[in-house]
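Observations on the model geometry
Residue-level listing of the chains:
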Amino acid sequence: MKNPFDAVQRPYVDPDYSPTPGYTEEEWARFLTVARDQHRVAAYRKRTYAMLLVLYTCCLRINSLLNARVEDLGYDKGHRVLHLEQVKGGGRKKKPIPPVAWDALQDYLEGRTTGWLFCTASGGQLDEPAVWRLLQSLAKRAGLPLRGPHGTKVDAITHALSKKDARPDKVQHWADHKDSRTTQRYNQRKELLDDSPGYGLAGDVASALEHSAT
């Protein structure tokens, strides 16, 4: 049967546009500080702080992190790593864990060697809706826009690409993207007027014009 809506002209939606405001690096530091020091349930502060640091510094999808177990932590050639089973597209991958995230993780685990990496008080698997509620609560306390866990990955990629020595190919690999265009869709800095290449060109040409006038 023919779909009567096939002939309806749909508005164009730019796949690279996201209406969700990203956090700056300074705002992320504030967000993490609130998680570490002001979570309304003190008993969950270490878990929340470690989870956010690992999610952000390892550029993880939330389902990959929630399916990780303590047994998936390891050591490889001088790096603390997390062996992930559910990388988007299938397969297993090692993710290096930076020292600040590793220290927070060990502080949270307190010597625990088995079970879900991030678990409930009873040892069960933490689920995504609980993480959503957590992030919403923290954002309100920090006075920041409400975000879901996927926003953490968007911010991580945006901040990584903004570094002076950023290598887009390395960021793409770190983000587990097969296509560089996917990585750029996450890059919210491309929307910033401050990053317009025109400013650099204008500065150079203004300098050249100044020298030619003397």
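Presented here is an overview of the structure given in this document. Remember, predicted model here, so these are calculated numbers, not experimental data. (Residues numbered from 1 in each chain as written. Predicted model: local features only at pLDDT ≥ 70, side-chain atom pairs only at ≥ 80, totals over all residues. Heavy atoms only, no water.)

**Considerations on the layout of surface pockets**
As a reminder, the rule being used: Using a 1 Å grid laid over the protein atoms alone, points where a 1.4 Å probe fits but cannot get out form a cavity; open sets with protein on both sides within 12 Å along at least 5 of 7 lines form a pocket; any residue with an atom within 4 Å of a point counts as lining. Grid points are joined across faces, edges and corners, and a volume is the space filled by probe spheres set on the points. By definition, any uninterrupted DSSP run of H or I lasting at least four residues is a helix, any uninterrupted run of E lasting at least two residues is a strand, and each is numbered from the N terminus. Side-chain classes are defined by residue name, with Ala, Val, Leu, Ile, Met, Phe, Trp, Tyr, Cys and Pro counting as nonpolar, Asp, Glu, Lys and Arg as charged, and the others, Gly among them, as polar.
Of the pockets and cavities examined, the second largest pocket occupies roughly 280 Å³. Lining of the second largest pocket is provided by 16 residues; of these, His39, Arg40, Arg47, Ala130 and Leu134 occupy positions nearest its centre. For the lining of the second largest pocket, the elements supplying multiple residues, two or more each, are helix H2 (45-57) and helix H5 (128-142). In terms of residue count, H5 provides more of the lining of the second largest pocket than any other element does, seven residues in total. Its residues assigned to classes, the lining of the second largest pocket comprises nine nonpolar, three polar and four charged.

**Let's talk about unusual backbone geometry**
What counts here: A 1.4 Å probe rolled over the protein chains alone gives each residue an accessible area, and that area as a share of the maximum for its type sets the label: buried under 20%, exposed over 50%, partly exposed in between.
Located in the positive-phi region is cysteine 59, a residue other than glycine, with phi close to 50 degrees. Looking at where cysteine 59 falls in the secondary structure, it is placed in the loop between H2 and helix H3 (62-66). Residue classification places cysteine 59 among the buried residues on the basis of a relative accessible area of 0%.

**Let's talk about the nonpolar core**
Let me state the cut-off plainly: The term nonpolar core refers to a set of buried residues drawn from Ala, Val, Leu, Ile, Met, Phe, Trp, Tyr and Cys, joined through side-chain atoms within 4.5 Å. Contacts are assigned to residue pairs with any non-hydrogen atoms lying within 4.5 Å of each other.
Membership of the largest hydrophobic core comes to 49 residues, with the highest contact counts inside it found for Phe31, Leu65, Leu73, Leu82, Leu105, Leu117 and Phe118. Counting residues per element, the ones that place at least two in this core are helix H1 (25-37), H2, H3, strand E2 (79-84), helix H4 (99-109), H5 and helix H6 (150-161). Looking at this core, the element that brings in the most residues is H2, giving eight residues. Contacts of leucine 73, omitting those with residues within four sequence positions, involve Val81, Leu82, Ile97, Trp102, Leu105, Gln106, Leu109 and Leu117.

**Points about the pattern of salt bridges**
The line we're drawing: One speaks of a salt bridge when a side-chain nitrogen belonging to Lys or Arg is within 4 Å of a carboxyl oxygen belonging to Asp or Glu.
Counting across every chain of the model gives eight salt bridges. Note that aspartate 107 and lysine 46 form a salt bridge whose closest N and O atoms lie 3.5 Å from each other. A residue pair is termed long-range when its members are at least 10 positions apart, and aspartate 107 in helix H4 and lysine 46 in helix H2 qualify at 61 residues. A residue is classified by how much of its surface remains accessible, and aspartate 107, at 40% relative accessible area, is partly exposed. A salt bridge links glutamate 71 to arginine 69; the nearest nitrogen and oxygen atoms lie 3.6 Å apart. The class for glutamate 71 is partly exposed, based on a relative accessible area of 42%. Residue classification places arginine 69 among the partly exposed positions, given a relative accessible area of 30%.

**Some thoughts on the packing of aromatic side chains**
Applied cut-off: Here a pair means two rings of Phe, Tyr or Trp (six-membered ring of Trp) with centres within 6.5 Å. Their orientation is stacked below 30 degrees between planes, edge-to-face above 60, and tilted elsewhere.
In total, this model carries five aromatic pairs according to the counting rule given. Here the aromatic rings of tyrosine 23 and tryptophan 28 are separated by 6.5 Å at their centres, their planes lie at 65 degrees, and the arrangement is edge-to-face. For the pair tyrosine 23 and tryptophan 28, a shared accessibility class is recorded, and that class is buried. With 4.4 Å between their ring centres and 20 degrees between their planes, tryptophan 28 and tyrosine 56 make a pair best called stacked. Taken together, the residues span a long stretch of sequence, with tryptophan 28 in helix H1 and tyrosine 56 in helix H2 at a distance of 28 residues. What makes tryptophan 28 buried here is its relative accessible area of 2%.

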